[in-house]
Every structure is written in C-alpha cells, then in structure tokens.
Amino acid sequence: MISTNSGVYRGGIGSGFGRTGAYFGPDAATVGPDLAGFRPATAGGDLVLPHAIGVHGLLLLAVPAVLLAGTARRDRLAPVATMVAAVGVALAVLLAHALRMLPLDALGAPALVVLAACAAAYLGGLAVTGRALDHDRRSGDDRRRI
C-alpha cells in the first residue's frame with residue numbers, strides 16, 4: 001500500500017515512489033465510492049480490506065485467547081485455532097482476489113461462500129469464548145489472570 005501510495009493494486013510495486021506533488025494516490029474514479037469503509041468498485045485490487053484484516057484484525061484474535069486463558073475450560077485451543085484459521089483463510093481469499101487486480105464487487109459465489117463460512121467460524125469461536133466466560137462467572141471459578 002505504501003509503494004503505490006494507495007490501497008489500490010494495479011499490477012506494479014513501487015509505482016508511487018517517483019511521483020511528486022501534494023497528493024500521491026490514485027484519482028477518485030480509480031478508487032470508486034466508499035461505502036462504510038468498503039470500496040467495491042475499485043479499478044484494480046483493493047488492498048484496504050486485506051490490510052485491515054491482516055494488520056488490525058489479527059490483533060483481535062489475542063483478546064479471546066487471553067480471556068480463555070483465564071478460564072477453567074480444558075479445550076481452550078480449539079476456539080482460538082478455529083478463529084485463527086478463519087481469519088487466515090479469509091485473508092488469503094481477499095488477498096488473492098486483490099492481487100488479480102479485481103474489485104471487491106467481482107468476488108465470485110465460491111469466494112463469497114468461503115468468506116461467509118469464515119465469518120461464521122469466527123463468530124462461533126467468539127460464542128464459545130463467551131459461553132466459557134459466562135460458565136466460569138456463574139460457577140464462581142476465580143482463576144482469571146487478567
């Protein structure tokens with residue numbers, strides 16, 4: 001994203017380094033309209049969503065892991081591993097799509113199904129985390145190390 005001065009991949013790395021002027025990114029027609037942080041009509045691969053998931057979203061995986069570490073639940077690894085796998089697969093699908101220089105609105109049905117399954121797996125892991133925390137709270141188990 002830094003090398004192109006934008007979140008748009010158009011087949012070249014470092015294309016933004018030789019530009020001069022006040023604004024180095026692509027024009028508004030290339031980026032397309034912004035709909036709540038998503039730019040479905042970007043002319044090229046949109047790197048913003050893979051960036052958001054890969055850099056900022058992965059930090060959110062630590063929260064359920066830390067919360068589960070303080071519970072009496074014996075199988076703490078399964079929900080966290082499920083969430084990590086879901087985020088990793090979703091990131092791979094979105095990044096592969098972006099590197100093919102396709103806008104988000106060109107995602108095919110198989111990719112959308114995989115992304116929906118990833119979202120369901122992630123939310124399921126969060127539900128398991130919430131149930132474990134609730135169970136510990138109700139049972140009075142005070143082994144939290146937070």
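Placed above this text is the structure.
Given the structure is predicted, the values throughout are model-derived calculations rather than measurements. (Residues numbered from 1 in each chain as written. Predicted model: local features only at pLDDT ≥ 70, side-chain atom pairs only at ≥ 80, totals over all residues. Heavy atoms only, no water.)

> What is the right way to read the nonpolar core from this model?
Across soluble globular proteins, you tend to see nonpolar side chains buried next to one another. Counting 16 residues, the largest nonpolar core has L61, M83, L94, L107, L115 and Y122 as the members making the most contacts within it. A total of seven residues in this core trace back to one element, the largest contributor, which is helix α4 (residues 77–99). Those residues in contact with L115 that sit more than four places away from it in its chain are A90, V93, L94 and L107. (Core = buried A, V, L, I, M, F, W, Y, C linked by side-chain atoms within 4.5 Å. Buried < 20%, exposed > 50% of the residue type's maximum accessible area, 1.4 Å probe, protein only. Helix = DSSP H or I, 4+ residues; strand = E, 2+ residues; numbered from the N terminus. Contact = heavy atoms within 4.5 Å.)

> Please explain helix α5 (residues 109–139) as it appears in this structure.
Within an α-helix, residues lying three or four positions from one another point in the same direction, as the helix has 3.6 residues per turn. Here α5 contains 31 residues, and its C-alpha end-to-end distance of 44 Å stays within 8% of the 45 Å for a straight helix at 1.5 Å per residue. The complete set of buried residues in α5 reads A111, L115, C118, Y122, G125, V128, T129, A132, L133 and D136. Of the surrounding elements, those touching the buried residues of α5 are α3 (62–69) and α4. One or two positions beyond α5, positive phi appears at G140, with a value near 80°. (Expected span 1.5 Å × (residues − 1).)

> Help me out: how do you make sense of the side chain of H97 in this one?
Its place among the elements puts H97 in helix α4. Side-chain polar atoms of H97 contact the backbone oxygen of P103, separated by 2.7 Å. Not counting residues up to four positions away in its chain, the partners in contact with H97 are L102, P103, L104, A106 and L107. (Polar contact = N/O pair within 3.5 Å; in protein donor to acceptor, adjacent residues only side chain to side chain.)

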